[in-house]
Amino acid sequence: MYTADSFRYEAMPYRRTGHSGLSLPALSLGLWHNFGPDRPVETQRQILRRAFDLGITHFDLANNYGPPPGAAESALGDALRADFGPYRDELVISTKAGYLMWPGPYGEWGSRKYLLSSLDQSLTRTGLDHVDIFYSHRYDPETPLEETMGALHSAVQQGKALYVGVSNYSPEQTREAARILRELGTPLLIHQPRYSMLDRRPEEGLLDTLDELQVGSIAYSPLEQGLLTGRYLDGVPEGSRAASDSPFLKADQVTEDLVRQLRALDDIAGSRGQSLAQMALAWVLRGGRVTSALVGASSARQLEDSVAAIRNLDFDAEELARIDAAIKLQGAH
């Protein structure tokens, strides 16, 4: 029987999420990959246990995480029953709906029918009666935003979610979503954008919008699909994501220019006493504008390496300038 580390809250910093009473750990565990039937169940459980022991109280899901879709939610449900039953109220569990989940016109996007049906399926897979955060995973240009936000509001009213969020929304879409939710009486808690040293798009208005709206943020892909882990300092290694048939990172994206940038960043990280991955996570969390950064893990040891980033989250102006110079911002998008 798993017993959580009694010192689990000693080191991890927790940050208030926007204008709410909910605090999230600086690092949250994303179950996007590594939680499907192709990975050993014991490894999955070791990652989840170690995460909680290190103070990571937030497990982030979506209906289509796996692979195959749904597998990550089922895996977490098994772990909740086996290990985390006594700790459910110490955990924040989030899920999303928006991308393709089942065939036909009601299996993706942002209709009320899809979102609420998907949430019911997610609750069945996880064995929960509610999730803590339910997201609209992407903006639907074909569905009135009032309908999509109304579905999120209904999820809260029905007791199936405590808070709601959006992901992959533009600043303008976020502003309108927040307005609709505010009028309904269910405030927008959080936005989940893609954000890393190599992808600065949230700095083009989104972070300012979230500050103005007092909405929290949680960055996904802060390690840019593994590019910022140090694995690619000598090109594309065997067994890496870029060397596979992954649609998310192709070998031809790892150019000589990018490798030079990664090596320069690695030198800066070394001068800070960090790995490249640790510095990349710290950079996303710098200054407190981002509430939490999502990390994935294929092993407990990899997770421990990521969590070590919290030991140094501060940057001086010279370090930030060196990072900007290293990645040549004009070519970073």
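For every chain, the first residue of the written sequence is number 1, and numbering continues from 1 onward in sequence order. A pLDDT threshold of at least 70 governs which residues receive local features in this predicted model, and a stricter bar of 80 or more applies before side-chain atom pairs are shown or counted, although totals over entire chains, interfaces and linings include all residues. With hydrogens and water set aside, each side-chain value is computed from the structure's full complement of heavy atoms.

What follows deals with the pairing of strand E5 (residues 92–97). Counting buried positions along E5 gives 6 out of 6 residues, so the element sits mostly inside the fold. Think of it in three bands: residues with accessible area under 20% of the maximum for their type are buried, residues over 50% are exposed, and the middle band is partly exposed, with areas taken using a 1.4 Å probe on protein chains only. Only DSSP runs of H or I covering at least 4 residues are called helices, and only runs of E covering at least 2 are called strands; the numbering of each starts at the N terminus. Residues of E5 alternate between two faces, with Val-92, Ser-94 and Lys-96 on one and Ile-93, Thr-95 and Ala-97 on the opposite face, all of them buried. The criterion for strand pairing is that DSSP finds at least two bridges linking the strands in question. As defined by bridge partners, strand E4 (residues 58–60) adjoins E5 across 3 bridges and the pair is classed as parallel. Along E5, the bridge assignment pairs Asp-60 with Ser-94. Assessed by its sense of winding, the connection that carries the chain from E4 through helix H2 (residues 71–84) to E5 is right-handed. For a crossover, the right-handed case is the one in which the path from the first strand over the helix to the second runs clockwise, viewed with the strands pointing away from the viewer.

Turning our attention to the packing of helix H7 (residues 256–271) against helix H10 (residues 317–327). Note on geometry: axes are lines fitted to C-alpha atoms, helical ones only across the stretch in contact, with angles between N-to-C directions running from 0 to 180 degrees. The contact between H7 and H10 brings their axes to 8 Å, and the two run at 165°. Relative to H10, the element H7 lies roughly antiparallel. Between H7 and H10 lies a crossing of right-handed hand. Facing H7, whose interface residues are Gln-261, Ala-264, Leu-265, Ile-268 and Ser-271, H10 presents Arg-322, Ile-323, Ala-326 and Ile-327. The classification used treats Ala, Val, Leu, Ile, Met, Phe, Trp, Tyr, Cys and Pro as nonpolar, Asp, Glu, Lys and Arg as charged, and all other residues, Gly among them, as polar. A breakdown of the residues in the contact of H7 with H10 according to their chemical character gives 6 nonpolar, 2 polar and 1 charged. For this classification, under 35 degrees means roughly parallel, over 145 means roughly antiparallel, 65 to 115 means roughly perpendicular, and everything else is oblique. The hand of a helix crossing depends on one turn: near helix anticlockwise from the far one by less than a right angle means left-handed, and clockwise means right-handed. Contacts were defined at the residue level, with two residues in contact if any of their heavy atoms lie within 4.5 Å.

Between rings of Phe, Tyr and Trp, where Trp is taken as its six-membered ring, a pair exists when centres lie within 6.5 Å; planes separated by under 30 degrees are stacked, by over 60 edge-to-face, and by other angles tilted. Enumeration over the complete set of coordinates arrives at 9 aromatic pairs. A ring pair is formed by Tyr-2 and Tyr-87, whose centres lie 5.9 Å apart and whose planes are at 65°; its orientation type is edge-to-face. One end of the pair, Tyr-2, is in the segment before strand E1 (14–16); the other, Tyr-87, is in the loop between H2 and E5, and 85 residues separate them in sequence. Taken as a pair, Tyr-2 and Tyr-87 share a single burial class, namely buried. Summarising the aromatic geometry, the rings of Phe-59 and Phe-84 are spaced 5.9 Å apart at their centres and angled 80° between planes, so their arrangement reads as edge-to-face.

Residue Pro-67 follows Gly-66 across a cis peptide bond; omega there is -10°. Here Pro-67 is to be found in the loop between E4 and H2. Omega for the bond connecting Pro-67 with Pro-68 falls within 30 degrees of zero, at -5°, which places this linkage in the cis form. The phi dihedral of Asn-168 falls on the positive side, at around 65°, and the residue is not glycine.

The subject of this paragraph is the pattern of salt bridges. Each salt bridge in this description consists of a side-chain nitrogen of Lys or Arg and a carboxyl oxygen of Asp or Glu lying within 4 Å of one another. Scanning all chains against the criterion turns up 27 salt bridges. Between Glu-176 and Arg-179 there is a salt bridge, with its nearest N and O atoms 2.5 Å apart. Remark: Arg-179 and Glu-176 occur in helix H5 (residues 171–184); sequence separation between them is 3 residues, near one turn of the helix. The class for Arg-179 is partly exposed, based on a relative accessible area of 27%.

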